Amino acid sequence: MLLALLSLVVLVFPVVPARAAQLPYWNSRNISGTQPFPWHEMRLPQTVVPTHYDLTIHPNLTTLTFTGTVRILVDVLEDVDAIVVHAKELKTANVKLTTPEGVRPLQVLENSVYQQLALVSDKAIPKGEDYEIHMDFSANLSDTYHGFYKSSYRTGDGEVRILASTQFEATFARAAFACFDEPSFKANFTIAIIRESRHVAISNMPKIKTVELPENVFEDHFATTVKMSTYLVAFIVSDFHSVSKTTQHGVKISIYAAEEKINQTEFALDAAVRLLDFYDTYFTIPYPLPKQDLAAIPDFQAGAMENWGLTTYREEALLYHPEKSSMADKVQTARIIAHELAHQWFGNLVTMEWWNDLWLNEGFAKFMEFIALDMTHPELQAGACVLNMLKDFLTADVFEVGIIRYLKRYSYRNTANSHLWESLTNICDSNELRDPSPKQREFCWKHGIKSGEGRYEGNKFDIKSIMDTWTLQKGFPLVNIDFRNRKILLSQQRYLKIEKEKAAADDVATVKIPEKQIWNIPLTYKTSASDTTHHFLLKSAVDLLRIPKQVDWIKFNVDMSGYYIVDYGKDGWKSMITLLQKNHTALSNKDRASLIHDVFRLVSIEKVNLQTALDLSTYLSKEKDIMAVTQALAELIPIYKMIERREVFLLDESMRAFMLDLFKDLIDSQRWDDSGSTPERTLRSYLLLFACVRNYTPCVSKARQLFNVWKESGGKTSLPVDVTLAVYAVGAQTPEGWDFLFEHYRQTVQTSVKHRIQVALTISPLRQKLKMILEESLRGEVIKTQDFPDVLVYVSRNPKGQRLAWDFLRANWATLIHKFEVGSSAIAHMVTGVTNPFSTKTMLTAVWKFFNPLTEEMGGDMRCIQQAYDNIAGNVRWAESNFPELQTWLKKRQRLVHEDL
């Protein structure tokens with residue numbers, strides 16, 4: 001759970017298949033003859049740059065097609081014979097170039113592999129400004145979730161309503177109009193949308209006028225955008241309704257949703273207003289647009305998208321009902337809105353140069369998400385990331401001044417890693433104080449011209465050198481601790497799973513060799529001597545840390561402020577286990593969670609034996625904090641599931657009994673209502689579901705009683721929201737209960753209720769019902785096809801559905817890679833999610849036999865496939881290595897428990 005939140009830091013964004021970069025240009029298709037394509041690279045040439053787009057687009061929601069015209073004002077930086085732009089599956093016509101000498105036609109050549117058009121002139125286009133490309137185009141609305149695509153929803157009366165929406169990140173603006181579809185080609189956009197009278201159109205900017213056209217058709221004109229990248233352009237044509245409020249800084253915030261769901265938008269609207277006001281103040285850079293729309297799209301594959309001025313969301317990510325939605329739903333909605341609004345500065349105002357620096361956008365948005373929630377919704381707070389480590393390293397004041405400096409320096413421009421690190425260095429440099437930001441001026445006046453170098457006084461350090469070790473290297477570090485009285489020997493290595501042997505299937509598992517990598521690691525630590533947090537910068541493979549006096553224990557990575565794992569060594573782990581058993585509250589909840597996380601990660605790479613991790617977990621019978629409990633369950637449940645799927649029945653029962661024994665008192669203390677704080681309510685939902693799925697009798701009996709009363713009322717009685725998932729899960733165990741839930745899913749318009757029912761239906765032990773929900777979610781009539789990846793993975797986690805999900809994935813592979821796109825995160829989620837439970841050599845071979853023959857076009861070279869092989873091979877080794885030890889440990893614990901009784 002901890003590292004899952006941090007994974008964006010090491011994200012590598014695959015834009016095109018690897019083979020495409022090597023394809024010779026002469027394989028390109030020529031629309032108008034045999035002339036070779038004049039450009040050979042995946043990236044567009046830098047000889048021509050756009051400055052302004054004038055786009056008119058007309059979606060026909062009856063024929064599911066669209067037509068349009070784009071005029072692109074460009075600057076020609078070098079003499080050229082052709083202008084290369086992006087386009088995907090567009091029919092083009094009337095392509096011409098307006099020059100100072102007049103209008104000339106352009107010949108169109110196509111490179112379908114790189115999704116490029118070459119607009120070839122019959123004579124050279126000399127260097128100069130203010131050339132204009134003109135192009136008419138048409139295409140079908142996409143039936144995927146990318147580009148300009150069709151979406152739909154069903155009203156309470158059963159009527160299907162159609163809308164058209166966009167999703168252009170990363171490379172899909174080219175599927176809606178010809179453009180320079182790379183983030184560095186920023187330009188202004190003036191957009192007009194033609195629609196029928198029954199629809200409304202929205203885009204990045206406010207509507208400035210509407211022109212009535214013949215046949216009851218209207219053309220909405222929108223204000224010109226600020227300078228921005230193509231992937232942030234957005235427009236929607238729908239019959240949505242909206243609600244609006246205005247921020248303290250005068251920005252109009254509107255939520256758009258289907259009419260029957262508009263009553264679920266109040267929380268999102270209030271949260272967006274508060275969050276945008278916070279960001280305006282924090283960054284000291286006013287939000288540059290006059291409005292910010294948030295739209296709930298019925299079909300949306302991503303969680304949300306930060307299009308400038310028109311952020312788009314899955315319905316369940318944006319809509320919240322105060323009586324039907326849970327506390328977890330509320331936290332999730334607030335987090336997602338905070339994330340997308342942070343992108344209006346990090347990503348939109350300042351944009352990475354290329355997708356390999358995507359973490360600049362995502363890492364900052366994740367970081368600011370938690371900063372903003374802590375200030376605007378403190379009751380919902382949790383989480384951290386690598387930038388939190390940097391903030392702690394530099395101090396909050398230095399970090400805040402530095403990122404404001406970064407935003408001011410590079411507004412409406414593109415950046416790379418180095419620009420950020422430079423902005424965080426020497427923030428009080430006298431050469432830059434001629435025009436400081438108010439926060440910079442205040443900080444440097446208070447602390448002096450040479451301050452702002454962080455917590456590590458006396459250490460001369462270069463932030464770029466430090467952070468390059470984090471952003472330019474793979475993985476993250478493991479810090480080894482060797483206690484030697486008052487001296488602590490520190491060493492570091494890359495956290496790496498070492499494959500000791502190849503798996504049964506030839507060439508399935510990759511043999512990995514440890515790499516010599518060194519990070520600059522800002523270590524934090526506390527000791528038994530005091531509550532003071534100490535700091536130490538580990539810059540070498542080995543170093544020595546001296547502490548002033550002997551201590552009973554030392555805890556590194558205080559409150560999970562750092563992005564590294566710690567191995568305390570045999571004696572160190574013993575001292576931690578003793579501390580937790582005697583006085584676990586001597587450590588913070590975050591520190592306890594990080595110990596649980598680290599020790600199980602170390603078991604997975606055979607640095608620590610399983611007994612140590614299990615010994616440490618025994619203290620959990622006294623634990624009441626949500627962070628530590630959920631982290632423990634996140635480690636223990638996968639072990640139990642592996643046992644369950646391998647049908648090791650005696651070990652299965654022993655492990656289940658151990659987990660229930662750890663949390664029995666905490667489960668029994670839970671109330672079946674909606675009382676308590678946000679963490680208490682969230683923990684209640686999690687624990688009761690855990691207990692019911694593990695067939696804990698008191699929990700199952702109570703849940704069945706509540707379900708029967710609710711079912712007998714026709715679903716009209718009110719259930720406590722926090723316990724509904726547990727109640728639904730128990731109800732779905734019978735065919736009658738499953739059918740009732742499915743029908744309730746069909747009828748309700750509450751997105752959070754739909755989500756909980758959907759999860760419960762996939763937990764059912766009824767194989768035929770599991771097959772039915774897979775078929776229904778792929779069909780998309782009752783359960784949206786956007787939910788299919790999650791449904792498939794949920795079913796695969798169910799021991800009764802594991803093989804069913806795998807067979808379904810294989811049988812429908814061609815359909816899935818068309819609908820969700822080869823290389824997409826959705827496909828990766830399905831591949832790794834469905835195969836992750838496998839832990840036998842037989843299944844490893846079966847997975848390899850399916851994926852290995854696939855061509856590139858069928859997804860055969862996707863990175864997620866190799867990840868699947870590695871995960872299964874790791875599961876095989878883990879089971880073979882640890883099952884005997886686990887069985888021995890559980891027997892010993894059972895004997896001790898009986899002796900105590």
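Residues numbered from 1 in each chain as written. Predicted model: local features only at pLDDT ≥ 70, side-chain atom pairs only at ≥ 80, totals over all residues. Heavy atoms only, no water.

### A word on the sheet that holds strand 16 (residues 241–246)
Spatially, five strands are ordered 16-17-18-20-19 in an open sheet, and the strand pairing comes out mixed. At either margin of the open sheet sits one strand with a lone partner, and together these are strand 16 and strand 19 (304–305). Where helix 3 (residues 327–342) meets the sheet, its contacts fall on strand 18 (291–297), strand 19 and strand 20 (310–314), and the angle it forms with strand 20 comes to roughly 150 degrees. (Pairing = 2+ DSSP bridges. Helix = DSSP H or I, 4+ residues; strand = E, 2+ residues; numbered from the N terminus. Contact = heavy atoms within 4.5 Å. Axes fitted to C-alpha atoms, helices over the stretch in contact; angles between N-to-C directions.)

### Some thoughts on the pattern of salt bridges
Here the structure, examined in full by the defined rule, presents 36 salt bridges. Put simply, aspartate 220 and lysine 207 hold a salt bridge, and the shortest N to O gap is 4.0 Å. Within this pair, whereas aspartate 220 is found in strand 14 (residues 217–222), its partner lysine 207 is found in strand 13 (residues 207–213), the two being separated by 13 residues in sequence. For lysine 207, a relative accessible area of 44% translates into the label partly exposed. One connected set of salt bridges, linked through shared partners, spans Arg671, Asp673, Asp674, Arg681, Arg684 and Asp722. (Salt bridge = Lys/Arg side-chain N within 4 Å of Asp/Glu carboxyl O. Buried < 20%, exposed > 50% of the residue type's maximum accessible area, 1.4 Å probe, protein only.)

### Some words on the side chain of serine 617
Residue placement: serine 617 occurs in helix 12 (residues 610–617). Given a relative accessible area of 2%, serine 617 falls into the buried group. The residues contacting serine 617, other than those within four sequence positions of it, are Phe658 and Leu662.

### Quick look at the pairing of strand 17 (residues 252–257)
Counting buried residues along strand 17, five of its six residues qualify, which places the element largely inside the surrounding structure. In terms of strand pairing, strand 16 meets strand 17 through six bridges, oriented antiparallel. Following the sheet pairing, serine 242 is matched in strand 17 by tyrosine 256. Once strand 16 ends, the chain turns through five residues before running back antiparallel as strand 17, passing glycine 250 with a positive phi of about 85 degrees. Sheet analysis places strand 17 next to strand 18, joined by five bridges and oriented parallel. Among the inter-strand pairings, tyrosine 256 is bridged to a residue of strand 18, identified as alanine 295. Crossover connection from strand 17 via helix 1 (residues 266–283) to parallel strand 18: handedness left-handed. (Right-handed = clockwise from strand over helix to strand, strands pointing away.)

### Observations concerning the pairing of strand 6 (residues 107–111)
Taken across its five residues, strand 6 has four buried, putting it largely inside the fold. Where strand 6 meets strand 7 (residues 116–125), five bridges bridge the pair, whose relative direction is antiparallel. Paired with leucine 109 across the strands is alanine 118, a residue of strand 7. Remark: four residues form the turn of the hairpin made by strand 6 and strand 7, two consecutive strands paired antiparallel; glutamine 115 in that turn has positive phi of roughly 55 degrees.

### Re the state of the cysteines
Inspection of the entire model under this criterion finds one disulfide. At a sulfur-sulfur separation of 2.4 Å, the disulfide partner of cysteine 692 is cysteine 699. Taking the torsion about the sulfur-sulfur bond, which here is approximately -85 degrees, the covalent link between cysteine 692 and cysteine 699 counts as left-handed. Of the two residues, cysteine 692 and cysteine 699, both sit in the buried class. (Disulfide = S-S within 2.5 Å.)

### Points about unusual backbone geometry
That bond from glutamate 169 to alanine 170 is cis: its omega, 5 degrees, falls within 30 degrees of zero. Mapped onto the elements, alanine 170 comes out in the loop between strand 10 (160–167) and strand 11 (188–196). For glutamate 89, which is not a glycine, the phi torsion comes out positive at approximately 55 degrees. You can see glutamate 89 is positioned in the loop between strand 3 (80–86) and strand 4 (91–99). If you check the backbone angles, asparagine 557 has positive phi at about 60 degrees while not being a glycine. With respect to the secondary-structure elements, asparagine 557 resides in the loop between strand 28 (554–556) and strand 29 (565–567).

### Brief notes about the side chain of threonine 225
For threonine 225, the position within the fold is in the loop between strand 14 and strand 15 (235–238). Sequence-distant contacts of threonine 225, defined by excluding residues within four places in its chain, comprise Ala187, Asn188, Phe189, Asn204 and Met205.

### Some words on the sheet that holds strand 25 (residues 521–527)
Two pairing modes exist for strands in a sheet, parallel and antiparallel, and in both the strands are linked by backbone hydrogen bonds. Spatially, three strands are ordered 26-25-28 in an open sheet, and the strand pairing comes out antiparallel. Each edge of the open sheet carries a strand with a single partner, namely strand 26 (530–538) and strand 28. Strand-to-strand twist in this sheet, taken as the mean axis angle between neighbours without regard to direction, amounts to 25 degrees. Strand direction decides the pairing type here: strand 25 and strand 28, joined by three bridges, are antiparallel.

### Notes on the nonpolar core
Generally speaking, nonpolar side chains in soluble globular proteins are found buried as a group. Among the nonpolar cores identified, the biggest contains 292 residues, and Phe177, Met368, Phe663 and Phe851 are the most heavily contacted of them. Here this core gets 13 residues from one element, more than from any other, and that element is helix 26 (residues 863–900). (Core = buried A, V, L, I, M, F, W, Y, C linked by side-chain atoms within 4.5 Å.)

### A look at the packing of aromatic side chains
Enumeration over the complete set of coordinates arrives at 43 aromatic pairs. When the centroid spacing of 6.4 Å and the interplanar angle of 70 degrees are considered together, the rings of phenylalanine 66 and phenylalanine 137 count as edge-to-face. Here phenylalanine 66 is found in strand 2 (residues 65–76), whereas its partner phenylalanine 137 is found in strand 8 (residues 128–140), with 71 residues between them in sequence. The ring of phenylalanine 740 is capped by lysine 711, whose NZ or CZ atom sits 6.0 Å from the centre of that ring. Positioned above the aromatic ring of tyrosine 745, the side-chain terminus of lysine 754 is 4.2 Å from the ring centre. (Phe/Tyr/Trp six-rings, centres within 6.5 Å; stacked < 30°, edge-to-face > 60°. Lys NZ or Arg CZ within 6 Å of the ring centre and 35° of its normal.)

### Regarding helix 23 (residues 813–820)
Those residues of helix 23 that sit buried are Trp813, Leu816, Ile817 and Phe820. Across the axial projection of helix 23, the buried residues extend over an arc of 95 degrees, all falling on one side. (Arc of directions from axis to C-beta.)

### Remarks on the confidence of the model for the protein
For the protein, the average pLDDT comes to 87, and 89% of its residues sit at 70 or higher. In the model, residues 449–459 has pLDDT below 50 throughout and makes 28 contacts with residues more than four positions away in sequence or in other chains. In this model, residues 499–514 is a region of pLDDT below 50 whose contacts with residues beyond four sequence positions or in other chains number 34 contacts. (pLDDT = per-residue confidence, 0-100.)

### Comments concerning the packing of helix 15 (residues 678–693) against helix 16 (residues 697–712)
Between helix 15 and helix 16, the least distance of the axes is 8 Å, while the angle of their chain directions is 105 degrees. The orientation of helix 15 with respect to helix 16, classified from their angle, is roughly perpendicular. Judged by residue contacts, Leu688, Ala691 and Cys692 of helix 15 engage Cys699, Val700 and Ala703 from helix 16. Considering only residue class, the contact of helix 15 with helix 16 consists of six nonpolar, no polar and no charged. (Parallel < 35°, antiparallel > 145°, perpendicular 65-115°, else oblique. Nonpolar A, V, L, I, M, F, W, Y, C, P; charged D, E, K, R; others polar.)

### Thoughts on the environment of leucine 163
Here leucine 163 is to be found in strand 10. Once residues within four sequence positions are removed from consideration, leucine 163 is found in contact with Leu61, Tyr149, Lys150, Ser151, Ser152, Tyr153, Ile236, Val237, Ser238, Phe240 and Pro298.

### Description of the environment of histidine 52
Here histidine 52 shows up in strand 1 (residues 48–60). Taking C-alpha positions, histidine 52 is 4.7 Å from asparagine 188, a pair spaced 136 residues apart along the chain. Not counting the four nearest positions on each side in its chain, histidine 52 is found in contact with Arg71, Ile72, Leu73, Ala187, Asn188, Phe189, Thr190 and Thr224. A polar atom in the side chain of histidine 52 sits 2.8 Å from the side chain of threonine 190. (Polar contact = N/O pair within 3.5 Å; in protein donor to acceptor, adjacent residues only side chain to side chain.)

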